[in-house]
Amino acid sequence: MPQHDAPLGALGQPLVSVTHSHGGGAHTHHVPAGADPHALPRLHVTGRMLPDAEPVEFWIVEGAVTFERVKGATTLATDAWIMPGLVDAHCHIGLDAHGAVDAATAERQAIIDRDAGTLLVRDAGSPADTHWIDERADLPRIIRAGRHIARPRRYIRNFAVEVDPEDVVAEVRTQARRGDGWVKLVGDWIDRDAGDLRPLWPVDTVRQAIAAAHEEGARVTAHTFDEQAVAELVEAGIDGIEHGTGLDDATIALMASRGVALVPTLINIETFPSIAAAADAKFPTYAAHMRALHARRFETIGKAYDAGVPIYAGTDAGGTLAHGILPDEIALLARVGGAEFALGAASWRARAWLGAGQLTEGASADLIVCAHDPRADLQEVRSPLAIVLRGRLITPAEEHHGGNHRH
């Protein structure tokens, strides 16, 4: 629990205690009596910083980290374990199972993610304009990929902008300008005539689309389940793959050599058996294919890990999956490469990949504070001592407590 030196603040002011439950426990924050509750506190933290686990002492002033001693700071925690704020690298704020949501719903989604420790989101496609969130210092930062790009009637209704192959290059340029340095293609989906997964785009079209995005200064990622589409997309020069259940050894080797990122969304892949069950009667070949992809999921992603493919954590929240479930994805990734790998995939390595700040001098104070080493017990991530976003202590809303948020 956070430690406080005395009932008086460093300036001799009386402190008001505010205690709240979080993750099944309770902890207390102290603020000077009469202080503006919306003002950024001056905080002091000591402990060990991941990934190196070196002892650190730092302060948080005006929302930023400093290693220079600061007077009048309240000690938030001592002997703690600190890590950069969590990253959900495949999330859809502004989207639910029916398509775009209103601003109030998008706000709730963002708050649920934030309260689970997700302080940075790569929004991997949303039909809603969520740029207004950028003005909210209390909500996670978002790096957008524009809107999904798919072919007509070859993806989930109301999710994507749907274009024919001859128009995809122009649409990639549009979405590159709408996003924050990323574009999202739908690489494959069920072809109802074939009764199974099939690529959406001709290979030449994919190559031209990726080149166009790069000209616009954007990276390209793609939804892929099957074997053919992911091989074609990686060969064509794509920057990232989502899901990647169809990866074979040759494609994995090419991804590793080129540094192509993989966001497997293992928690999404857990839904494949239910998808197959719903498709059994009408599309038995597709159903069998989905079951096979699911059965070898850990073998497939494990091969990518062993080959050195850069892997990051993402939940695919916002379509049919709930928000706030990044700790569940971390737990599944730990089955692939261990706890430290999984934490890095959802924190410091993901931040480096996305060009986001680490906890260095002058950086935004976006961090998770744990009582014990989360590498030894991943449950620490579900119930941290504190979540700090832009220097603000986050107090999760009561209805979001308990770790898993199934809303």
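Report follows, based on the coordinates. Note that the structure is predicted; figures quoted are calculated from it, not measured.

**Concerning the sheet that holds strand 11 (residues 141-144)**
Next up, step 1: Taken in spatial order, the three strands make up an open sheet running 7-10-11, and their pairing is parallel. Bordering the open sheet on either side are strand 7 (86-91) and strand 11, each of which pairs with just one other strand. For this sheet, the mean angle separating the axes of adjacent strands, direction not counted, is 20°.
Next up, step 2: The pairing of strand 7 with strand 10 (residues 118-123) spans four bridges and is classified as parallel. Counted as the bridge partner of leucine 86 is threonine 118 from strand 10.

**Observations concerning helix 10 (residues 326-337)**
One turn of the α-helix equals 3.6 residues, which is why residues spaced by three or four share an orientation.
Next up, step 1: A rise of 1.5 Å per residue sets the reference length of helix 10, with its twelve residues, at 16 Å; its end C-alpha atoms lie 16 Å apart and thus fit the reference within 8%.
Next up, step 2: Across the twelve residues that make up helix 10, a large majority, nine, are buried.
Next up, step 3: For helix 10, the set of buried residues is Leu326, Pro327, Asp328, Glu329, Ile330, Leu332, Leu333, Ala334 and Val336.
Next up, step 4: Elements in contact with the buried residues of helix 10: strand 7, strand 10, helix 6 (266-269), helix 9 (297-307), helix 11 (339-345) and helix 13 (379-382).
Next up, step 5: Where helix 10 terminates, the next one or two residues include glycine 338, which has phi positive at roughly 95°.

**As for the side chain of histidine 243**
Next up, step 1: Structurally, the position occupied by histidine 243 is in strand 18 (residues 240-243).
Next up, step 2: According to the relative accessible area criterion, histidine 243 is buried, its value standing at 2%.
Next up, step 3: Sequence-distant contacts of histidine 243, defined by excluding residues within four places in its chain, comprise His90, His223, Thr224, Phe225, Leu262, Val263, Pro264, Thr265, Asn268, Ile269, Ile301 and Asp316.

**Re the sheet that holds strand 3 (residues 43-49)**
Next up, step 1: Strand order in this open sheet of seven strands is 5-4-3-6-20-21-22, and the pairing throughout is mixed. Two strands lie at the open edges of the sheet, namely strand 5 (64-66) and strand 22 (392-393), each paired on one side alone.
Next up, step 2: In terms of strand pairing, strand 3 meets strand 6 (residues 74-84) through six bridges, oriented parallel. Across the sheet, residue methionine 49 finds its bridge partner in strand 6, namely isoleucine 82.

**Details of the packing of helix 2 (residues 168-178) against helix 3 (residues 203-215)**
Next up, step 1: Two elements in contact, helix 2 and helix 3, have axes separated by 9 Å at closest approach and are oriented at 25°. Accordingly, the angle class assigned to the pair helix 2 and helix 3 is roughly parallel. The two elements helix 2 and helix 3 cross, and the hand of that crossing is right-handed. In this structure, helix 2 contributes Val168, Val169, Val172 and Arg173 to the contact, and helix 3 contributes Thr205, Gln208, Ala209, Ala212, Ala213 and Glu215.
Next up, step 2: The residue inventory of the contact of helix 2 with helix 3, partitioned by class, reads six nonpolar, two polar and two charged.

**Section: the nonpolar core**
Next up, step 1: Core analysis: the largest hydrophobic core is formed by 82 residues, its most contacted members being Ile149, Ile238, Ile241 and Leu262.
Next up, step 2: Per-element accounting of this core gives the leading share, six residues, to helix 10.
Next up, step 3: Among all residues touching isoleucine 241, those that are not within four sequence positions of it are Thr221, Ala222, Thr224, Val230, Leu233, Val234, Met255, Val260, Ala261, Leu262 and Val263.
Next up, step 4: Listed in part, the 18 residues of the second largest apolar core include Met49, Ile60, Ala77 and Ala80.

**Let's talk about the pattern of salt bridges**
Next up, step 1: For the coordinates displayed, the defined rule picks out 20 salt bridges.
Next up, step 2: The shortest N-O distance in the salt bridge between arginine 136 and glutamate 107 comes to 2.8 Å. Here arginine 136, found in the loop between strand 10 and strand 11, pairs with glutamate 107, found in helix 1 (residues 103-115); they are 29 residues apart in sequence, far enough to count as distant.
Next up, step 3: Taking the relative accessible area as the measure of exposure, arginine 136 reaches 23% and is therefore partly exposed.

**Notes on the environment of histidine 90**
Next up, step 1: Topologically, histidine 90 is positioned in strand 7.
Next up, step 2: The spatial distance from the C-alpha of histidine 90 to the C-alpha of glycine 125 is 8.7 Å, given a sequence separation of 35 residues.

**Looking at the packing of aromatic side chains**
Next up, step 1: Within this structure, the stated rule accounts for eight aromatic pairs.
Next up, step 2: Relative to phenylalanine 67, the ring of phenylalanine 58 lies with its centre 6.1 Å away and its plane at 55°, an arrangement referred to as tilted.
Next up, step 3: With a relative accessible area of 0%, phenylalanine 58 lands in the buried category.
Next up, step 4: Judged by relative accessible area, phenylalanine 67 falls into the partly exposed class, the value being 36%.
Next up, step 5: Taken together, a centroid distance of 4.8 Å and an interplanar angle of 75° make the contact between tyrosine 155 and tryptophan 189 edge-to-face. One end of the pair, tyrosine 155, is in the loop between strand 12 (149-150) and strand 13 (161-162); the other, tryptophan 189, is in strand 15 (residues 188-191), with 34 residues separating them in the sequence.
Next up, step 6: On the accessibility criterion, tyrosine 155 (12% relative accessible area) is buried.
Next up, step 7: Ring pairing ties together the aromatic residues Tyr155, Phe159, Trp189, Phe225 and Phe272, which thus form one cluster.

**Comments concerning unusual backbone geometry**
Next up, step 1: Here leucine 50 and proline 51 are connected by a cis peptide whose omega angle stands at 20°.
Next up, step 2: By the secondary structure assignment, proline 51 is in the loop between strand 3 and strand 4 (54-61).
Next up, step 3: For aspartate 316, which is not glycine, the phi torsion reads 65° and is therefore positive.
Next up, step 4: Position of aspartate 316 relative to the elements: it lies in the loop between helix 9 and helix 10.
Next up, step 5: You can call aspartate 316 buried: its relative accessible area is 13%.

**A look at the environment of phenylalanine 298**
Next up, step 1: Tracing the backbone through its elements, the reader meets phenylalanine 298 in helix 9.
Next up, step 2: Distance from phenylalanine 298 to leucine 333, taken between C-alpha atoms, is 9.1 Å for residues 35 residues apart in sequence.

Rules used throughout
Within every chain, residues take consecutive numbers counted from 1 along the sequence as written. Given that this is a predicted model, residues contribute local features only at a pLDDT of at least 70 and side-chain atom pairs are listed and counted only at 80 or more, while totals for whole chains, interfaces and linings are drawn from all residues. Note that the side-chain values use all heavy atoms of the structure and ignore hydrogens as well as water. At least two DSSP bridges between two strands are needed for those strands to be called paired. Only DSSP runs of H or I reaching four residues or more are called helices, and only runs of E reaching two or more are called strands; each is numbered from the N terminus. Helix axes use the C-alpha atoms of the stretch in contact, all axes being lines fitted to C-alpha atoms, and the angles between their N-to-C directions lie in the range 0 to 180 degrees. To estimate how far a helix should reach, multiply one less than its number of residues by 1.5 Å. For every residue, the accessible area obtained with a 1.4 Å probe (protein chains only) is divided by the maximum for its type, and the residue is called buried under 20%, exposed over 50%, and partly exposed between those limits. Contacts were defined at the residue level, with two residues in contact if any of their heavy atoms lie within 4.5 Å. Geometric relationships in this document are graded by angle, where less than 35 degrees denotes roughly parallel, more than 145 denotes roughly antiparallel, 65 to 115 denotes roughly perpendicular, and other angles denote oblique. If you view the pair so one helix is near and one far, a crossing is left-handed when the near helix is turned anticlockwise from the far one by less than a right angle, and right-handed when it is turned clockwise. Amino acids outside the nonpolar list (Ala, Val, Leu, Ile, Met, Phe, Trp, Tyr, Cys, Pro) and the charged list (Asp, Glu, Lys, Arg) are all regarded as polar, and Gly is one of them. Side-chain atoms within 4.5 Å link the members of a nonpolar core, which is a set of buried Ala, Val, Leu, Ile, Met, Phe, Trp, Tyr and Cys residues. Criterion for a salt bridge: a side-chain nitrogen of Lys or Arg within 4 Å of a carboxyl oxygen of Asp or Glu. Pairing of aromatic rings covers Phe, Tyr and Trp, the last counted by its six-membered ring, and requires centre-to-centre distances within 6.5 Å; plane angles under 30 degrees mean stacked, over 60 mean edge-to-face, and any other angle means tilted.

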